[in-house]
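Descriptive structure summary
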Amino acid sequence: MKELSSWLITFFIVAFWVFRVVVAVMGTMGSDFIVQPMNLTTEIILTFVVLALVPFIFKRKLIAGLLYLIAYGYYFGTDLYAKIMMLVDGQTLGPAEYMAFIVNTVGIILPVACVLDILLDKYRMKNPVNKQTDWFYKNEAYDRQLDERADKNHYKTL
């Protein structure tokens, strides 16, 4: 991961995973929380699936990003689509539905951003070509030549 955007996306993926773990734990205990899990069994399975995919997302594996997109797209996409259709039909949503709408939107945006970032990561360059300085730094004619009498010992001092 070479760019700040890659680090931020993976940080938000981990933060959202922790949030979903808290939602699952609160749903298991029956406590009221900001968001209730849509399906507790699927939520717990999805938590472990994403836990297995996060190291591969850190390694920028495209298959892990696609599996992450498919899993979250299936889980959050269906509820998000239902809430969008409710808004299109003119129905009003309560505060809990709006909060679920926001969480579902984040649950769809993060995997899409992850897949796009992994796809763009192959075309990013850590050290791009700069014509203004490469004539000096990439040119061997300007390298320092050691004299044969020079001390070639590399002394280390504490």
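The structure we're discussing is the one just above.
Residues numbered from 1 in each chain as written. Predicted model: local features only at pLDDT ≥ 70, side-chain atom pairs only at ≥ 80, totals over all residues. Heavy atoms only, no water.

1. Some thoughts on the overall build of the protein
When you go through the protein residue by residue, the secondary structure sums to five helices and zero strands. The N-to-C order of helical and strand elements in the protein reads α-α-α-α-α. Taking 15 Å as the expected radius of gyration for a compact globule of 158 residues, we find that the protein reaches 25 Å, considerably beyond that expectation. Here the C-alpha coordinates of the protein stretch approximately 85 × 40 × 25 Å along the principal axes. Of all 158 residues assigned to the protein, the portion counted as buried reaches 27%. Across the protein, the fraction of contacts at a sequence separation of at least 24, relative to all contacts at a separation of at least 6, is 66%. Within the structure as shown, the protein displays about 11400 Å² of accessible surface, and the carbon and sulfur contribution to it stands at 66%. (Helix = DSSP H or I, 4+ residues; strand = E, 2+ residues; numbered from the N terminus. Rg over C-alpha atoms; globule rule 2.2 N^0.38 Å. Buried < 20%, exposed > 50% of the residue type's maximum accessible area, 1.4 Å probe, protein only. Contact = heavy atoms within 4.5 Å. Areas by Shrake-Rupley, 256 points an atom, 1.4 Å probe, with all protein chains shown as cover.)

2. Structural notes on the pattern of salt bridges
In the structure shown here, the tally under the stated rule is four salt bridges. Note that Asp 121 and Arg 60 form a salt bridge whose closest N and O atoms lie 3.9 Å from each other. Of the two residues, Asp 121 sits in helix α4 (residues 95-121) while Arg 60 sits in the loop between α2 (40-58) and α3 (62-88), which places them 61 residues apart along the sequence. Side by side, Asp 121 and Arg 60 carry an identical accessibility label, which is buried. What you see here is one network of salt bridges that share partners, running through Arg 60, Asp 117 and Asp 121. (Salt bridge = Lys/Arg side-chain N within 4 Å of Asp/Glu carboxyl O.)

3. Considerations on the packing of helix α1 (residues 4-29) against α4
Any two packed helices are characterised by how steeply their axes cross, that is the angle between the axes, and by the distance between the axes. Packing of α1 against α4 leaves a shortest axis separation of 10 Å and a crossing angle of 145°. In this structure, α1 crosses over α4, and the sense of that crossing is left-handed. Counted together, Ser 5, Ser 6, Ile 9, Phe 12, Ile 13, Phe 16, Phe 19 and Arg 20 of α1 and Val 103, Val 106, Gly 107, Leu 110, Ala 113, Cys 114 and Asp 117 of α4 form the full contact between these two elements. Considered class by class, the residues forming the contact of α1 with α4 number ten nonpolar, three polar and two charged. (Axes fitted to C-alpha atoms, helices over the stretch in contact; angles between N-to-C directions. Left-handed = near helix turned anticlockwise from the far one by under 90°. Nonpolar A, V, L, I, M, F, W, Y, C, P; charged D, E, K, R; others polar.)

4. Re the packing of aromatic side chains
Inspection of the entire model under this criterion finds eight aromatic pairs. Here the aromatic cluster, defined as three or more aromatic residues joined through ring pairs, consists of Phe 16, Phe 19, Phe 33, Tyr 68, Tyr 72, Tyr 75 and Phe 76. (Phe/Tyr/Trp six-rings, centres within 6.5 Å; stacked < 30°, edge-to-face > 60°.)

5. What to know about the environment of Glu 43
Structurally, Glu 43 is set in helix α2. Considering only alpha carbons, one finds Glu 43 and Pro 111, 68 residues apart in sequence, at a separation of 16 Å. A distance of 2.7 Å separates a polar atom in the side chain of Glu 43 from a polar atom in the side chain of Arg 20. (Polar contact = N/O pair within 3.5 Å; in protein donor to acceptor, adjacent residues only side chain to side chain.)

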